[in-house]
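Spelled out from the first residue to the last, the chains are:
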Amino acid sequence: MDLEAVRTFVAVVEAGQFQKAAADLSITQQAVSKRIAALERSLGVRLFTRAARGTELTIDGQAFLPHARELLRVTERAVASVRPGRRPLRVDVIASRGAASGLMRDFHRAHPGIELDVVMLFEMDTAVAAIRSGTIDASFRAVAVPGRPLPEDIGSVRVLDEPLQLLTGPAHALASAQSVTLAQLVGHRIWMPGIVPGTEWGAYYDDLVAEFGLTIEATGPNFGSDALLDTIADTPALATFMGEHTRLIWPAGHGLRRIPVTDPTPVYPHSLLWHRDNPHPALTTLRAHLATTTADRDTTGVWTPGWVLPR
């Protein structure tokens, strides 16, 4: 169906005359007549009858009018949904309970007038492809994996170094410690079933193991954070790593401990990725907000993999 013909039909109804509708649309009266005639042929009905004071809708025209108006409203919403500056800013945060999600909540509180679509994409390659296609505007990632540099059209900036903490149950050997060093963790079993080979976080923990001789186990199915917390609470021989900004709630009876890791403190490097040609004005606002809220963090005594880009 020709949307311009539908738009012309509604204009004639509102103007009451072909001539006035033509003036409102900045086209000739002949063009209005041709559009209406084409629409009537398409529908197989007459929409107007001539009257002494202009035009009147037929019964079919009256039935078609509310649908025509709704069609134009839907069209406008569809156009607005993909128009930079009018559609929501789409950002990938990987997981709803992680540090990136917290950064976006802070951004929303600071800029409540900016519409947001928050999505969660698992694979790094999927996120980069979505940025390049315009499906999303930005993604929080660890920048790169060894041997897989970012495409030249993808920009990135380090926005948050998140310290890791050790999470243990109440009966774990280190449960009463105020802090633990990486050297103290050697020989302890650290269970992280969510690690997936080939991901940026998989590469991160591979380097952590190689650098400090830790034992990280990713065996068994990943049933999610609740099952992980249940297992850590009930198994004295197991601990896990948890980001300092990861938001988790567990039953009081679990007695879990979150213990800072030091000497050095392993930090997970969150970066914002975006397409260098993305024109969405809210993307500029997001980058400025992150630059302000995460700037000048102390990096003394911390560890990140050698493949992570500097700040």
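The model shown is predicted, which means the values in this text are computed figures rather than measured ones.

Caption draft 1: Structural view of the overall build of the chain. A count of helical and extended segments in the chain gives nine helices and 13 strands. Whereas a compact globule of 311 residues would reach a radius of gyration of roughly 19 Å, the chain reaches 29 Å, over 25% beyond that. With respect to the principal axes defined by its C-alpha atoms, the chain has extents near 95 × 40 × 35 Å. Residues classed as buried in the chain amount to 43% of the 311 residues present.

Caption draft 2: The arrangement of the confidence of the model for the chain in detail. For the chain, per-residue confidence averages 89 on the pLDDT scale, and 93% of positions sit at 70 or higher. The least confident element of the chain is strand E1 (residues 48-51), whose mean pLDDT is 84; the most confident is strand E7 (residues 180-181), at 97.

Caption draft 3: Summary view of the packing of helix H1 (residues 3-15) against helix H2 (residues 18-25). Here H1 crosses H2 at 120°, and the two axes come no closer than 8 Å. When the axes of H1 and H2 are compared, the pair comes out oblique. Once H1 is placed against H2, the crossing between them reads as right-handed. Residues Thr8, Ala11, Val12 and Ala15 of H1 form the contact with H2, whose participating residues are Phe18, Lys20, Ala21, Asp24 and Leu25.

Caption draft 4: Looking closely at the packing of aromatic side chains. Per the counting criterion, the structure on display carries nine aromatic pairs. Between Phe18 and Phe48, the aromatic rings sit 5.8 Å apart at their centres with planes inclined by 75°, giving edge-to-face as the arrangement. Note that Phe18 is positioned in helix H2 and Phe48 in strand E1, a separation of 30 residues in sequence. Residues Phe18 and Phe48 agree in their burial class; the two are buried. Above the face of the Phe18 ring, Arg50 is positioned so that its terminal group lies 4.7 Å from the ring centre.

Caption draft 5: Region of the structure containing helix H5 (residues 99-110). For H5, spanning twelve residues, the distance from its first C-alpha to its last is 17 Å, which sits close to the expected 16 Å at 1.5 Å a residue. The complete set of buried residues in H5 reads Ala99, Ala100, Ser101, Gly102, Leu103, Met104 and Phe107. Packed against the buried residues of H5 are strand E3 (89-92), strand E4 (116-119), strand E5 (138-141), strand E6 (154-168), strand E12 (265-275) and helix H9 (281-293).

Caption draft 6: Layout of helix H8 (residues 225-234). Listing the buried residues of H8 in full gives Leu228, Leu229, Ile232 and Ala233. Down the axis of H8, the buried side of the element spans an arc of 130°, and every buried residue falls inside it. Buried residues along H8 sit against E6, strand E8 (189-191) and strand E10 (238-243).

Caption draft 7: A look at the pairing of strand E11 (residues 257-262). When E6 meets E11, the two strands line up antiparallel, connected through four bridges. Bridge pairing in E11 links Leu167 to Arg258. Here E7 runs beside E11; their pairing, made up of two bridges, is parallel. The partner of Val180 across the bridge, within E11, is Val261.

Conventions used here
- Residues numbered from 1 in each chain as written.
- Predicted model: local features only at pLDDT ≥ 70, side-chain atom pairs only at ≥ 80, totals over all residues.
- Heavy atoms only, no water.
- Helix = DSSP H or I, 4+ residues; strand = E, 2+ residues; numbered from the N terminus.
- Rg over C-alpha atoms; globule rule 2.2 N^0.38 Å.
- Buried < 20%, exposed > 50% of the residue type's maximum accessible area, 1.4 Å probe, protein only.
- pLDDT = per-residue confidence, 0-100.
- Axes fitted to C-alpha atoms, helices over the stretch in contact; angles between N-to-C directions.
- Parallel < 35°, antiparallel > 145°, perpendicular 65-115°, else oblique.
- Left-handed = near helix turned anticlockwise from the far one by under 90°.
- Contact = heavy atoms within 4.5 Å.
- Phe/Tyr/Trp six-rings, centres within 6.5 Å; stacked < 30°, edge-to-face > 60°.
- Lys NZ or Arg CZ within 6 Å of the ring centre and 35° of its normal.
- Expected span 1.5 Å × (residues − 1).
- Arc of directions from axis to C-beta.
- Pairing = 2+ DSSP bridges.

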